Amino acid sequence: SITISLTDIVYQKTKGNALCITQFLQSLHDGGLLQWSSVSNSWEINIKSIEAELAPDDSVGMLVRKILQLPEKTQLALKLISCVGSSCTESTLMLFLDENVVTNMKVKTTVKSVDERRSLTSDLFPFLCVAVYEGLLKKEGTSYKFAHDQVQYAAYSLIPEDEKSLWHMQIGRTIWNNVREKDEDTVIFIAVDQMNCGIASIDSDDQRLFLAKLNLRSGGKAMSFSIFSSSASYFGTGIRLLSRDHWDNNYDLSLHLHNYYADAEYCNGNFSQVKRVTKVVLEKSRTFYDKLRAYLVLIKTLGAETKLHEAIEMGIGILTHLGNNLSSESFDHSAINNSFNAIKASFENMTYREFSSLKIMEDSDALVAMNVMGELLQYAFFTNQGVGVCFITHMIRLSLDYGVCKESSFALASCSVMLHARGDLRASKLLSHFALSLLARLDCKDMLSRVYACVYAINSYTLEPLNKVSEKLLHGYEVGMQTGDIQFATYNARLYCESSFWSGVRLGVIEGYIQVWVQQMIEYKQEWNLNMINALKYTVLILMKCSNNLLPPNGDFLEEGKKILNEHIEKKRTHLAAMVCFHLSYTAYIFCNYDFARNMVEMRWKLEKNRYRKVGIFGAVHFFDGLISIVSAQQTKEDKWINHALECVNKTKASTNVNPQRVLLLETEIDVLMGKTKDAIESYNKAINAARENKCINEQAIVNERAGDFCLHYGDSRASYYHGEAYRLYLKWGSAGKAAHLKRNHSFSDFS
């Protein structure tokens, strides 16, 4: 009964807080109210006195009182560590755990040898053991960690408020002055964070300037780790540390801090800050060349905001200033074609050895022009593809005349895409090879994400299985995030989701990928890529969840998709609208709405008329255009559909060695269209087996459904088997919506 009473009292006074319970029981024991009796061999509990004991509603106050009972050096050690954070490694503690940090606060610590450091700091280390014994610190490997965040808060509260800034500053200075030069990068964040917390104690311009330079260095290191929020904080702090006349007295430092800050905030998606800071740079820069970095981040910002025409206009202005006059004649279609063909001819007969011997570009104006066009290239393809081809030819011409640079690899990869779109797969593969080899030769990671997005999106370089391509695209995403190329990083992420979808990865897994990257695109304000991935997201959700009770309010998910399409058309997002058209045509075909599918194909043709680069999506467009054209030919009897179907078969044959089921299905469907039905079932089975071997469960399901429809049309009893297999495979893929649709329209045994 006494134990139960004690439990009730402890709970009442601590509200079940584990830390409060521990400290309360410890205080009862220290006060003699809870003692073990060796005489009675039991606990002696003074219930009445315990009831009268103050409730530990102030756990921090209780911890403060406990700390004050410890040896002074233990108190000092706890206060010093509390300034740094919740934990600290022993190697870092050795740099600042020193009584002189506090006693000589007004004196700048001098650099000391390793032996001197250890003799200085060793006197406080034994007292850490006291804190560990008392349960205030935990020793985990080579680190000391506060047992609870309230312990840290209690220790920190013991430092007088008006001295905290000075404590932080002195700890930071001591760490920085005591660390070996070769180890500076290991402690720079801790040291600079401490000094930044102590800015209020700085009393000279020299100290502010010194810390501003350290913040520039810290921000650069944070950028290299893709910690963009921290890097922006360091650069911003560095700017605030500068004197009022810093643009006159510390021009280079001011320029670097502002430019890096704009870069970091672009990566964070904080575009209003980018525009504010670049405006300052453009006003204060002494030369045109000093303004270039600000212009480039502004171009990227406009691109991310889908203000593509503004981005291109700004870039062409820079190029004109550099003497690269891209006049209206430069964008004439015939002139573009002539220039492009000339560039193509320059490379077609070039050997790998000849390409590898091209010199490195050194001309500064040519390098700047390549940099600017490298940023504009992506936007031109989505607005005016003639301008994009013009940029490609100009970049490659500069590379041939002045030598290659990192942007040359992107130009070659983009040229490969254009050649692929024109059907010149041999030349496309050659330039993909050149682009990747140059990427390796120059070891330019900051172009990797862009080159991979081009080369592996068309998949003309290696003709690898899509799952292997997905691995490359994921690597492109990771490197893009590391280098701050957020736009192409998220572009690779979108392509990764597309390649996973078309290779038959489970839809639930793909939905998970999309959810993660949609949030990231929203966070980084990558509107263009967000719109692109949403087209796939809509398709995935329809396949997964389309049933009678999950349709949109008007009951027609295709009409809902058409609303999205019309919005993109109104905003002149031609490439994006074409992408949505394809996804809608695919979805309509899967759900057997062939009229809608045909309308979407024709709509896409209209949108892509006179465009150099068309929607491809890993060969899926040719494959499903072919299937839709075959059905359209059956329904309309129009020659254009059978002609287009034959064209799609040839393109599918030429562009894929790794998805033979696509060619087999298209050829079988065309044979059936032509009345050649004798070997149709055998041909369908070959396509099914090929899809199974390639682990393309999605296309295996489609071939089974087509085989079932064929059997049903000709009164073959095997229709039930093939439809049942299709049903089982759609469910396995995760397409409950399509499986339900199949079951509503066909009779078969459900063995799922």
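Residues numbered from 1 in each chain as written. Predicted model: local features only at pLDDT ≥ 70, side-chain atom pairs only at ≥ 80, totals over all residues. Heavy atoms only, no water.

(A) Layout of the overall build of the protein. Secondary structure summary: the protein contains 40 helices and five strands in total. Among the 752 residues that make up the protein, the fraction classed as buried is 54%. For the protein, the accessible area works out to roughly 33400 Å², and carbon and sulfur atoms hold 50% of it. (Helix = DSSP H or I, 4+ residues; strand = E, 2+ residues; numbered from the N terminus. Buried < 20%, exposed > 50% of the residue type's maximum accessible area, 1.4 Å probe, protein only. Areas by Shrake-Rupley, 256 points an atom, 1.4 Å probe, with all protein chains shown as cover.)

(B) Inspection of the packing of helix H26 (residues 445–458) against helix H28 (residues 486–502) at higher detail. In contact at an axis separation of 8 Å, H26 and H28 are set at 25° when each is read in the N-to-C sense. With respect to H28, the element H26 is oriented roughly parallel. Remark: the crossing between H26 and H28 carries left-handed chirality. Where H26 approaches H28, its residues Ser449, Arg450, Tyr452, Ala453 and Ala457 are matched on the opposing element by Phe488, Ala489, Tyr491, Asn492 and Leu495. Across the contact of H26 with H28, the residue classes break down as seven nonpolar, two polar and one charged. (Axes fitted to C-alpha atoms, helices over the stretch in contact; angles between N-to-C directions. Parallel < 35°, antiparallel > 145°, perpendicular 65-115°, else oblique. Left-handed = near helix turned anticlockwise from the far one by under 90°. Contact = heavy atoms within 4.5 Å. Nonpolar A, V, L, I, M, F, W, Y, C, P; charged D, E, K, R; others polar.)

(C) Geometry of the environment of Gly32. Within the element layout of this structure, Gly32 appears in the loop between helix H2 (18–30) and strand S1 (34–37). Considered as a pair, Gly32 and Asn46 are 14 residues apart in the sequence and their alpha carbons are 8.8 Å apart.

(D) Fine view of the packing of helix H16 (residues 251–267) against helix H18 (residues 288–304). The geometry of H16 relative to H18 is characterised by a closest axis approach of 10 Å and an angle of 10° between their N-to-C directions. The orientation of H16 relative to H18 falls into the category roughly parallel. Of the residues in H18, those touching H16 at Tyr251, Leu255, Asn259, Tyr260, Ala262, Asp263 and Tyr266 are Asp290, Arg293, Ala294, Val297, Lys300, Thr301 and Ala304. Among the residues forming the contact of H16 with H18, the class breakdown is eight nonpolar, two polar and four charged.

(E) Spatial organisation of the environment of His475. Tracing the backbone shows His475 in helix H27 (residues 466–483). Note: C-alpha distance between His475 and Ala493 (18 residues apart in sequence) is 9.4 Å.

(F) Just the pairing of strand S4 (residues 137–140), in detail. As judged from the four bridges shared by S4 and strand S5 (residues 143–146), these two strands associate in the antiparallel manner. Bridge pairing links Lys138 to Lys145 in S5. Connecting the antiparallel pair S4 and S5 is a turn made up of two residues, with Gly141 showing a positive phi of about 65°. (Pairing = 2+ DSSP bridges.)

(G) Structural context of the packing of aromatic side chains. Here the structure, examined in full by the defined rule, presents 29 aromatic pairs. A ring pair is formed by Trp502 and Phe582, whose centres lie 5.7 Å apart and whose planes are at 45°; its orientation type is tilted. Placement of Trp502 in helix H28 and of Phe582 in helix H32 (residues 574–590) is noted, with a sequence separation of 80 residues between them. Residue classification places Trp502 among the buried positions, given a relative accessible area of 1%. By relative accessible area, Phe582 is classed as buried at 0%. The ring centre of Tyr251 lies 3.9 Å from the NZ or CZ of Arg286, which sits over that ring. Above the plane of the ring of Phe591 lies Lys738, whose end atom (NZ or CZ) is 5.9 Å from the centre. (Phe/Tyr/Trp six-rings, centres within 6.5 Å; stacked < 30°, edge-to-face > 60°. Lys NZ or Arg CZ within 6 Å of the ring centre and 35° of its normal.)

(H) Representation of the nonpolar core. Membership of the largest hydrophobic core comes to 232 residues, with the highest contact counts inside it found for Leu97, Phe501, Trp502 and Phe624. Counting residues in hydrophobic clusters, the runner-up holds eight residues, among them Leu6, Val10, Leu28 and Leu33. (Core = buried A, V, L, I, M, F, W, Y, C linked by side-chain atoms within 4.5 Å.)

(I) Seen up close, the sheet that holds S5. Spatially, three strands are ordered S3-S5-S4 in an open sheet, and the strand pairing comes out antiparallel. Looking at which strands have only one partner, the edges of the open sheet turn out to be strand S3 (87–89) and S4. The sheet shows a mean angle of 20° between the axes of neighbouring strands, direction not considered. Note that S3 and S5 share three bridges and pair antiparallel.

(J) Just helix H24 (residues 406–421), in detail. Compared with an ideal rise of 1.5 Å per residue, which puts 16 residues at 22 Å, H24 spans 24 Å between its outermost C-alpha atoms and is within 8% of the ideal. Counting buried positions along H24 yields 14 of 16 residues, so the element is predominantly enclosed. Just past H24, the residue Gly423 takes up positive phi, approximately 90°. (Expected span 1.5 Å × (residues − 1).)

(K) Here's a closer look at the pattern of salt bridges. Applying the stated criterion to the full structure yields 32 salt bridges. We note a salt bridge from Arg293 to Asp263, for which the minimum N-O separation is 2.6 Å. Placement of the pair is Arg293 in helix H18 and Asp263 in helix H16, with a sequence separation of 30 residues. A salt bridge links Glu699 to Arg662, with the shortest nitrogen-to-oxygen separation between them at 2.9 Å. Residue Glu699 is found in helix H38 (residues 697–713), and its partner Arg662 is found in helix H36 (residues 660–673); the two are separated by 37 residues along the sequence. (Salt bridge = Lys/Arg side-chain N within 4 Å of Asp/Glu carboxyl O.)

(L) Structural detail: unusual backbone geometry. For Cys592, which is not glycine, the phi torsion reads 65° and is therefore positive. With respect to the element layout, Cys592 can be found in the loop between H32 and helix H33 (594–608). Of note, the phi angle at Ile617 is positive, near 50°, even though the residue is not glycine. Here Ile617 shows up in the loop between H33 and helix H34 (620–636). Overall, the relative accessible area of 10% leaves Ile617 in the buried class.

Coordinates in, geometry out; function isn't part of it.
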